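One letter stands for each residue in the lines below.
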Amino acid sequence: MYVEEVDSTNNWLKAAVAEEAAWLGEERIPVVWTGFQTAGRGQAGNGWESEQGKNLLFSLLLRQPPVPVEKQFLISMLAAVALWDTVAEAIGKEGLTIKWPNDLYWGDKKLAGMLIENTLSGSGIAYSIIGIGLNINQEQWIGNAPNPVSMRLITGQDYSPEQVLTRYMTLLEAWLQRPQSEWRSAYMQHLYRREGWWRFVEREVSLTPTMNAQTTDGGFLARIEGITEQGELILKRENNETKIYHFKEIRYIL
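Cut-offs applied
- Along each chain, the written sequence defines residue order, and numbers are assigned to residues from 1.
- It should be noted that, the model being predicted, local features are given only for residues of pLDDT at least 70 and side-chain atom pairs only at 80 or more, the latter also being counted only at that level, while totals for whole chains, interfaces and linings use all residues.
- Side-chain descriptors were evaluated using all non-hydrogen atoms of the structure, hydrogens and water having been removed beforehand.
- To qualify as a helix, a DSSP run of H or I must reach at least 4 residues; to qualify as a strand, a run of E must reach at least 2; elements of each kind are numbered from the N terminus.
- Partly exposed describes any residue whose relative accessible area lies between the buried limit of under 20% and the exposed limit of over 50%, with all areas from a 1.4 Å probe on protein chains only and scaled to the type maximum.
- Calculation of accessible area relied on Shrake-Rupley with a 1.4 Å probe; when residues are assessed, cover is drawn exclusively from the protein chains displayed.
- Paired strands are those between which DSSP finds at least two bridges.
- Should any heavy atoms of two residues lie within 4.5 Å, those residues are counted as being in contact.
- Fitted lines through C-alpha atoms serve as axes, helices being fitted only where they are in contact, and the angles separating the N-to-C directions of these axes extend from 0 to 180 degrees.
- For every residue, the predictor assigns a confidence score, pLDDT, that lies between 0 and 100.
- Definition used for salt bridges: Asp or Glu carboxyl oxygen within 4 Å of a side-chain nitrogen of Lys or Arg.
- By nonpolar core we mean a set of buried residues, namely Ala, Val, Leu, Ile, Met, Phe, Trp, Tyr and Cys, connected to one another through side-chain atoms within 4.5 Å.

(A) Highlighting the overall build of the protein. Within the protein, the secondary structure is distributed over five helices and 13 strands. Along the first, second and third principal axes, the C-alpha atoms of the protein reach 55 × 45 × 35 Å. Within the protein, buried positions represent 49% of all 254 residues. A total of about 12,400 Å² of accessible surface is found on the protein, and carbon and sulfur atoms cover 47% of it.

See below:
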C-alpha cells in the first residue's frame, strides 16, 4: 500500500495492525511505503532524513516469523541480506556491505538503515515490523547525517522506488524459503570490515534514547570474531582479549 506522507511507516503499520485493518489480510507479507516521512525513525531513537519522493521508505509485516525469541536477530539478518541482494542487482556488488547490526553501506558511506520491531506473544514472536529507508535518488542532505550516499550518486542513474521495492519483496520471499543457516552465512559473508583489524570506540549508552551515546575511551584496534545468536558483536582486541558488545555499546571509527 502506498501512502503519500506519514510520520513513520513503522508507526503507520503498527496502527494498522492494532486496528486489524482489512487490507492486511490481502497479502502474505503486507507492506506500506511512502514518498515522505515527517518523523522517520532509525535505531536507538535516531532520525532518518529523506527528500520528498527521492527514496524508498517502507515497512513490512512478518506474521509469526519462524524464528525463536532467543534468536530474533535472525530477522535482522534476513532483512539485511535480502536488501543487499536487491541493491547489488542494481548497482553491483563492489563495495557493498552490511554494517552491523543492519545498515547497508557502500564503502564507508551509509546507503540504507533499518528499524526492526518485534512483538512477542508467549514464547514466540507474534509479528515483526521491518522498516527500511534506502537512499535511491537523493543527492544532497541538509541535516547532520555524517556519511550518506545514494544509488544515484554511485551510478549516476535514476531508479524507481516502486520497482526496487517490488524486487526486494520478491527476494525476501525467496530468502524466507531458504535455511536460516544460509541467512547467517550470507550476512557474515557481506559484513562490513569482516576481515582485518579496525579501530573501534566503546560507548556509554544513555538511558534516554534521544541522547547521543558518549565515548568512554580513545579507541582501540580489534577484529570481528563473529556475531552471537542474540545479535551481539564479538571483538578480539590486539591483546587477545575477547569481548561481546550489545548494539550502541560500540561504534566503528570511520
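(B) How the structure looks around the pairing of strand β4 (residues 96-99). Neither face of β4 is open: one carries Leu96 and Ile98, the other Thr97 and Lys99, and all of them are buried. Both β4 and strand β5 (residues 103-106) contribute to a ladder of four bridges, which runs antiparallel. Note that in β5 the partner of isoleucine 98 across the bridge is leucine 104. Once β4 ends, the chain turns through three residues before running back antiparallel as β5.

(C) Highlighting the sheet that holds strand β6 (residues 109-121). Pairing within the open sheet is mixed, and its seven strands lie in the order β1-β2-β3-β7-β6-β5-β4. At either margin of the open sheet sits one strand with a lone partner, and together these are β1 (2-3) and β4. Pairing analysis gives two bridges linking β1 to strand β2 (residues 31-34), with the strands arranged parallel. Looking across to β2, one finds that tyrosine 2 is bridged to tryptophan 33. The strands touched by helix α2 (residues 73-91) within the sheet are β3 (56-63), β4, β5, β6 and β7 (124-134), with β6 carrying the most contacts at an inclination of about 150°.

(D) Expanded view of helix α5 (residues 180-189). Three or more residues of α5 are buried, namely Trp183, Ala186, Tyr187 and Met188. For α5, the elements touching its buried residues are α2, β4, α4 (161-176) and β10 (220-227).

(E) A look at the confidence of the model for the protein. Mean pLDDT over the protein stands at 90; residues scoring 70 or higher make up 90%. This stretch, residues 206-216, has a pLDDT under 50; its non-local contacts, to residues over four places away or in other chains, come to 17 contacts.

(F) Highlighting the pattern of salt bridges. Throughout the structure, instances matching the rule amount to 12 salt bridges. One salt bridge connects lysine 71 with glutamate 229, and the closest N-O pair in it is separated by 3.6 Å. Taken together, the residues lysine 71 in the loop between β3 and α2 and glutamate 229 in the loop between β10 and β11 (233-237) connect sequence positions 158 residues apart. Classification of glutamate 229 by relative accessible area gives partly exposed; the value is 40%. Of the charged contacts in the structure, one is a salt bridge between lysine 243 and glutamate 202, with a shortest N-O distance of 3.0 Å. In this pair, lysine 243 sits in strand β12 (residues 242-245) while glutamate 202 sits in strand β8 (residues 198-204), placing the two residues 41 residues apart along the sequence. Classification of lysine 243 by relative accessible area gives partly exposed; the value is 32%. For glutamate 202, a relative accessible area of 13% gives the class buried.

(G) Representation of the nonpolar core. Core analysis: the biggest nonpolar cluster contains 63 residues, and Leu60, Leu111, Leu134, Tyr168 and Tyr187 have the highest contact counts within it. With 14 residues, α2 is the largest single contributor of residues to this core. Excluding residues within four positions of it along the chain, tyrosine 187 makes contact with Phe73, Met77, Ala80, Val81, Ile98, Trp100, Pro101 and Ile227. Within the second largest apolar cluster, 11 residues are counted, among which are Val3, Val17, Val32 and Tyr127.

(H) View of the pairing of β7. Within β7, nine of the 11 residues are buried, which leaves it mostly tucked inside the rest of the structure. Bridge count between β3 and β7: eight bridges; the pairing is antiparallel. When the bridges of β7 are listed, leucine 56 appears paired with leucine 134. The antiparallel hairpin formed by β6 and β7 contains two residues in its connecting segment, where glycine 122 sits at a positive phi of about 65°.

(I) Region of interest: unusual backbone geometry. Geometrically, the link from tryptophan 100 to proline 101 is a cis peptide bond, its omega value of 5° lying close to zero. Here proline 101 is to be found in the loop between β4 and β5. For glutamate 20, which is not glycine, the phi torsion reads 55° and is therefore positive. If you trace the backbone, glutamate 20 turns up in the loop between α1 (9-18) and β2. One non-glycine residue, arginine 193, adopts positive backbone phi at about 55°.

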